[in-house]
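So you can see what is in the structure, the chains are spelled out below.
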Amino acid sequence: MSEMDGKISSSETFAETWAEPQTAALPQAELDRLTDELIAALKTVYDPEIPVDIYELGLIYKVDLSDDKDVLIDMTLTAPGCPVAGEMPGWIEDAVMKVEGIRSARANLVFDPPWDASKMSDEAKLALNMF
């Protein structure tokens, strides 16, 4: 976790937030609500070629939530040549903006590390008969 003068940086990741005691400006109850609702929002976005949501596919690499409720998402695609590469970040931003209280959302495409099937949840693997 990033710390400056004993205070948590405003760009901590969800995983860091869950693992560390809450000392940021957002109360823990609000952070928990936003975390749950952001995950639910991400699960509404599907890769049009695969009948599994992007969260379970493991396409979401990082979600940063600032104390001002700005969301920055690093995401990838199943393949760099994905036909919806230009559209999917917008779909994600639109879904996240439906969460009450979120001020802004930006989704960045990253390809490092490259996506592979090991990033999928067990739920996604089951849905795609990959066990």
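Residues numbered from 1 in each chain as written. Predicted model: local features only at pLDDT ≥ 70, side-chain atom pairs only at ≥ 80, totals over all residues. Heavy atoms only, no water.

**Re the overall build of the protein**
- Scanning the protein from N- to C-terminus turns up five helices and five strands.
- What you see in the protein, going N to C, is helices and strands ordered as β-β-α-α-α-β-β-α-β-α.
- When burial is assessed residue by residue, the protein has 40% of its 131 residues classed as buried.
- If you take every contact in the protein between residues at least 6 apart in sequence, the share linking residues at least 24 apart comes to 58%. (Helix = DSSP H or I, 4+ residues; strand = E, 2+ residues; numbered from the N terminus. Buried < 20%, exposed > 50% of the residue type's maximum accessible area, 1.4 Å probe, protein only. Contact = heavy atoms within 4.5 Å.)

**Some remarks on the sheet that holds strand β4 (residues 70-75)**
- Within the open sheet, the three strands sit side by side as β3-β4-β5. Their pairing is mixed. With one partner strand each, in any of the chains shown, β3 (60-65) and β5 (104-109) form the two edges of the open sheet. In this sheet, neighbouring strand axes are inclined to one another by 15 degrees on average, regardless of whether the strands run parallel or antiparallel.
- Looking at chain direction, β3 and β4 are connected through five bridges and run antiparallel. (Pairing = 2+ DSSP bridges. Axes fitted to C-alpha atoms, helices over the stretch in contact; angles between N-to-C directions.)

**Focus on the nonpolar core**
- Membership of the largest hydrophobic core comes to 32 residues, with the highest contact counts inside it found for Ile73, Met88, Ile92 and Val96.
- Counting residues per element, the ones that place at least two in this core are α2 (28-42), α3 (54-57), β3, β4, α4 (88-97) and β5.
- Among the elements that take part in this core, α2 stands out by supplying five residues, more than any other.
- If near-sequence neighbours (up to four positions away) are discounted, Ile92 is found in contact with Leu42, Val45, Ile54, Ile60, Ile73, Met75 and Ala107. (Core = buried A, V, L, I, M, F, W, Y, C linked by side-chain atoms within 4.5 Å.)

**As for unusual backbone geometry**
- Residues Asp112 and Pro113 are joined by a peptide bond in cis, for which omega reads 5 degrees.
- For Pro113, the location among the structural elements is in the loop between β5 and α5 (122-127).
- The phi torsion at Lys69 lies on the positive side, around 70 degrees, for a residue other than glycine.
- Among the secondary structure elements, Lys69 is positioned in the loop between β3 and β4.
- The phi dihedral of Asn129 falls on the positive side, at around 50 degrees, and the residue is not glycine.
- Mapped onto the elements, Asn129 comes out in the segment after α5.

**Quick look at the side chain of Thr35**
- The topology assignment puts Thr35 in helix α2.
- For Thr35, a relative accessible area of 3% translates into the label buried.
- A polar atom in the side chain of Thr35 sits 2.8 Å from the backbone oxygen of Leu31. (Polar contact = N/O pair within 3.5 Å; in protein donor to acceptor, adjacent residues only side chain to side chain.)

**Considering the confidence of the model for the protein**
- When pLDDT is averaged along the protein, the result is 85, and 82% of the positions lie at 70 or above.
- Ranking the elements of the protein by mean pLDDT puts strand β2 (residues 7-8) last with 34 and β4 first with 98.
- Low pLDDT, under 50, characterises residues 1-15; the predicted model gives this stretch 26 contacts beyond four residues in sequence or across chains. (pLDDT = per-residue confidence, 0-100.)

**Focus on the pattern of salt bridges**
- Applying the stated criterion across every chain yields a total of seven salt bridges.
- Across the pair Asp74 and Lys62 runs a salt bridge whose closest N-O atoms are separated by 3.7 Å. Placement of the pair is Asp74 in strand β4 and Lys62 in strand β3, with a sequence separation of twelve residues.
- Residue classification places Lys62 among the partly exposed residues on the basis of a relative accessible area of 32%.
- For the salt bridge of Arg103 with Asp70, the shortest nitrogen-to-oxygen distance reads 2.4 Å. Placement of the pair is Arg103 in the loop between α4 and β5 and Asp70 in strand β4, with a sequence separation of 33 residues.
- The exposed category is assigned to Arg103, whose relative accessible area is 51%.
- Several salt bridges share partner residues, and in doing so they unite Glu30, Arg33, Glu37 and Lys69 into one network. (Salt bridge = Lys/Arg side-chain N within 4 Å of Asp/Glu carboxyl O.)

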